[in-house]
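Letter by letter, the chains look like this.
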Amino acid sequence: MDPLSPYPGLRPFDVDESHLFFGREEQTDELLQRLHATHFLGVVGPSGCGKSSLVRAGMIAALSAGFMVAAGARWQFAIMRPESRPMHGLAKALVEQTVIGSDEADKEIATGFLDATLRRGPLGVVEALRDTPLPADTNLLILVDQFEEIFRFEREGGSDEADAFVSLLLETARQREVPVYVVITMRSDFFGDCAIFEGLPEALNESQYLTPRLTREQRQAAIVGPARVFGGDVAPDLVNRLLNQMGTDPDQLPLMQHLLMRMWTWRFPPQAGADGLGTADRAIEPRGAGRELTLADCDAVGGLDHALSRHADEAFESLDDRQKSIAETLFRILSERAPGNRDIRRPTPAGEVAELAGASLDELVAVVEAFRAPGRSFIVPAFPEPIGPERVLDITHESLIRQWQRLRDWAEEEEKSAEDYRFLAQSASLWQRGGECAVAVTQFGDGARLAEPAAADRVVGETLWRRFRAGDDLPCGERKGEGGARGRDGGQAVVRNPSLADGLRIGLRAGALAPSRRVDFLRGQLRRARPVL
Ligand SMILES: Nc1ncnc2c1ncn2[C@@H]1O[C@H](COP(=O)(O)OP(=O)(O)OP(=O)(O)O)[C@@H](O)[C@H]1O
Ligand SMILES: [Mg+2]
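Okay, so let's go over this structure. (Residues numbered from 1 in each chain as written. Chains lettered and ligands numbered in written order. Predicted model: local features only at pLDDT ≥ 70, side-chain atom pairs only at ≥ 80, totals over all residues. Heavy atoms only, no water.)

Details of the overall build of the protein chain
Argument step 1. Helix and strand counts for the protein chain stand at 23 helices and twelve strands.
Argument step 2. Across the 533 residues in the protein chain, those meeting the buried criterion constitute 55%.
Argument step 3. Of the accessible surface of the protein chain, which amounts to about 22000 Å², a share of 50% is contributed by carbon and sulfur atoms. (Helix = DSSP H or I, 4+ residues; strand = E, 2+ residues; numbered from the N terminus. Buried < 20%, exposed > 50% of the residue type's maximum accessible area, 1.4 Å probe, protein only. Areas by Shrake-Rupley, 256 points an atom, 1.4 Å probe, with all protein chains shown as cover.)

Some remarks on the coordination of the magnesium ion (ligand 2)
Argument step 1. Around the magnesium ion (ligand 2), the protein contributes the donor atoms S52 (OG) and Q146 (OE1), at 2.0 to 2.1 Å from the metal centre. One end of the pair, S52, is in helix α2 (residues 51–64); the other, Q146, is in the loop between β3 (139–144) and α6 (149–155), with 94 residues separating them in the sequence. The burial state of S52 is the same as that of Q146; both residues are buried. (Donors = N, O, S within 2.8 Å, 3.2 Å for Na, K, Ca; no water.)

So, the sheet that holds strand β10 (residues 348–349)
Argument step 1. If you walk across this open sheet you meet the three strands as β10-β12-β11, and the pairing is antiparallel. Each edge of the sheet is formed by a strand with only one pairing partner; in this case those strands are β10 and β11 (379–380).
Argument step 2. Two strands pair when backbone bridges link them, and β10 and strand β12 (residues 392–395) are joined in this way by two bridges, in the antiparallel orientation. Each residue of the ladder has a partner; that of P349, found in β12, is V392. (Pairing = 2+ DSSP bridges.)

Examining unusual backbone geometry
Argument step 1. Cis geometry marks the peptide bond from V380 to P381, where omega comes out at 10°.
Argument step 2. Locating P381 in the fold gives a position in the loop between β11 and β12.
Argument step 3. With an omega of 5°, the peptide bond between F383 and P384 qualifies as cis.
Argument step 4. Along the chain, P384 turns up in the loop between β11 and β12.
Argument step 5. The phi dihedral of E83 falls on the positive side, at around 40°, and the residue is not glycine.
Argument step 6. With respect to the helices and strands, E83 occurs in the loop between β2 (75–80) and α3 (86–97).

A few points about helix α9 (residues 216–229)
Argument step 1. Between its first and last C-alpha, α9 extends 20 Å over 14 residues, near the 20 Å set by a 1.5 Å rise per residue.
Argument step 2. Looking at α9, one finds that the buried residues are Q218, R219, A222, I223, V224, G225, P226 and A227.
Argument step 3. For α9, the elements touching its buried residues are α1 (25–38), β6 (233–234), α10 (236–245) and α11 (252–267).
Argument step 4. The first or second residue beyond α9 is G231, which carries a positive phi of 80°. (Expected span 1.5 Å × (residues − 1). Contact = heavy atoms within 4.5 Å.)

Some words on helix α14 (residues 303–317)
Argument step 1. Look at α14: 20 Å from first C-alpha to last across 15 residues, which is about the 21 Å you get at 1.5 Å a residue.
Argument step 2. Of the residues making up α14, those classed as buried are G303, L304, A307, L308, S309, H311, A312, E314, A315 and F316.

Let's talk about the nonpolar core
Considering soluble globular proteins, one finds that nonpolar side chains tend to be buried as a cluster.
Argument step 1. In terms of nonpolar packing, the biggest core is built from 63 residues, with L330, F331, F371 and L400 touching the most fellow members.
Argument step 2. Here this core takes eight residues from α11, the largest share from any one element.
Argument step 3. Counting residues domain by domain, this core receives three or more from each of domain 2 (216–309) and domain 3 (319–403).
Argument step 4. With sequence-adjacent residues up to four places away left out, F331 is seen in contact with F371, I379, I395, L400, W404, L407 and W410.
Argument step 5. By size, the runner-up hydrophobic cluster in this structure holds 47 residues, among which are L118, F147, I184 and I344. (Core = buried A, V, L, I, M, F, W, Y, C linked by side-chain atoms within 4.5 Å. Domains from an automatic or database assignment.)

Concerning the site of ligand 1
Argument step 1. Near ligand 1 lie 25 residues; those nearest to it are G9, K51, S52, S53 and H397.
Argument step 2. For ligand 1, an oxygen atom lies 2.7 Å from a polar atom in the backbone of G9.
Argument step 3. Contact with the protein chains hides 99% of the accessible area of ligand 1, taken as 620 Å² for the molecule alone.
Argument step 4. Contributions of two or more residues to the shell around ligand 1 are made by α2 and α11.
Argument step 5. Class assignment of the residues belonging to the shell around ligand 1 gives a composition of eleven nonpolar, nine polar and five charged.
Argument step 6. Residue contributions to the shell around ligand 1 reach at least three from each of two domains, namely domain 1 (24–210) and domain 2 (216–309). (Near = heavy atom within 4 Å. Polar contact = N/O pair within 3.5 Å; in protein donor to acceptor, adjacent residues only side chain to side chain. Nonpolar A, V, L, I, M, F, W, Y, C, P; charged D, E, K, R; others polar.)

Things to note about the environment of A37
Argument step 1. Summarising the element assignment, A37 is placed in helix α1.
Argument step 2. Considered as a pair, A37 and E206 are 169 residues apart in the sequence and their alpha carbons are 9.9 Å apart.

A look at the packing of helix α15 (residues 321–334) against helix α16 (residues 350–357)
Argument step 1. Two numbers describe how α15 lies on α16: the axes approach to 9 Å, and their chain directions differ by 125°. Between α15 and α16, the crossing angle belongs to the class labelled oblique. Note that α15 runs across α16; the crossing there is right-handed. Residues I326, T329, L330 and I333 of α15 lie in contact with α16, whose contacting residues are V353, L356 and A357.
Argument step 2. The class makeup of the residues in the contact of α15 with α16 is six nonpolar, one polar and no charged. (Axes fitted to C-alpha atoms, helices over the stretch in contact; angles between N-to-C directions. Parallel < 35°, antiparallel > 145°, perpendicular 65-115°, else oblique. Left-handed = near helix turned anticlockwise from the far one by under 90°.)

This is how it looks when you write it as structure tokens:
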């Protein structure tokens, strides 16, 4: 738990924070009833409505306290996210958090063995529990948080593993040989995608929970309760203003949490230098010694509408130019626009981010520190967990993508560059095959004696690299690992597939336009040429 503040900020409440978690008592009871009946539960709702918090600080805490009477109070929990290796992630969670694998001293070896067992079939968890049984009268709950990550994994070439992972979850919940329960949390805008997995729609039809918004009274408890646990309070006029300002937009809950955390760490700062507060804040001296948050605190940090964007900007502005460029690449990589215009996080290992940013791991970590200093939780893992090349970095909450203006602009540019790349790749392929579509590329190529490779990189940089890694949209049979292109600093776009390379060269090489106009011109050409296809 964060000792600095009674409010978690953008991140969800954790299992050990139930004493700070208010407003969800009734809903926790409902979750327990459903879980008891079916052993499987899908907790769904819009982005940021509080699913992960409800399951962690509400349901899991209640199970540990024995509130599911029929099942007893002995529980083990394996909590995971699919990220980019769902089966491995599940094996790791089971080995690190439960009895499974406990007879093996080396946890990595145990994870490897369990990973292999889980892949053998949908009853892999049951088999593992036959080898290492749970202690008497003990239940196991597997929580797959942010289940929607499985859809990207599936799309990007992991479809066999995604199928196996989902059947494993469903079969584990269905069997009754061992007392295992499965809970997933998922953004409701991914509901339609569930049909790609056999049995998942049926399981969700049978047992799902649509997370309601907090009522005004519940929000009031969520604002005031944590401060009181910390021996403080929130002034009634501030509570009223927050309640009145919070509309129906689901980002309001993370915005409110961030604002409360921001006010608290600003008003009651920890020792100098360790709080992550910027110099702008230092200029405004907090008034009064009481531990009560007031309207003045709210105004000082920017209020509900601006606190988050200002706070993130401050972290960004604390960087030098090179670090700013690394930060931009970092956030472009960690965010993504999924089909249907949905902004989502894209958790990525630090080593990979550093490579794409053309930076050393140390340089990258220095930038990450600016965004995860205590009191500034924009990126996880939280400070001070060490970051090695394998450690997955993630944006703390998707609302940051929507509410931090700078990041919203980057996300939009990134999406445009993805579109441009898709067009380039397609044109290159069609041009190489000749025939009816050659005109499109000829037109594009003629007009596009326009950009030097460096400018091309600016347009297609990160995205080009990503597409190659993912192996999607590649019409020339390129697959993961076979092709590669350097990002922003790498100069020329290098593509191993000769046909694609030729097409790209036609489109991107040597032109006479002023650098400032190249990118726009290239885009314009692309757009004009597109209808010809
Ligand atoms: N009961 C609550 N009281 C106050 N704040 C809450 C409550 N539940 C969640 N929050 C805050 O709302 C934000 C979103 O919470 P959480 O991550 O649990 O939502 P989510 O629905 O899982 O989001 P996502 O769709 O991104 O997975 C966080 O800032 C969290 O601290
Ligand atoms: Mg969540």
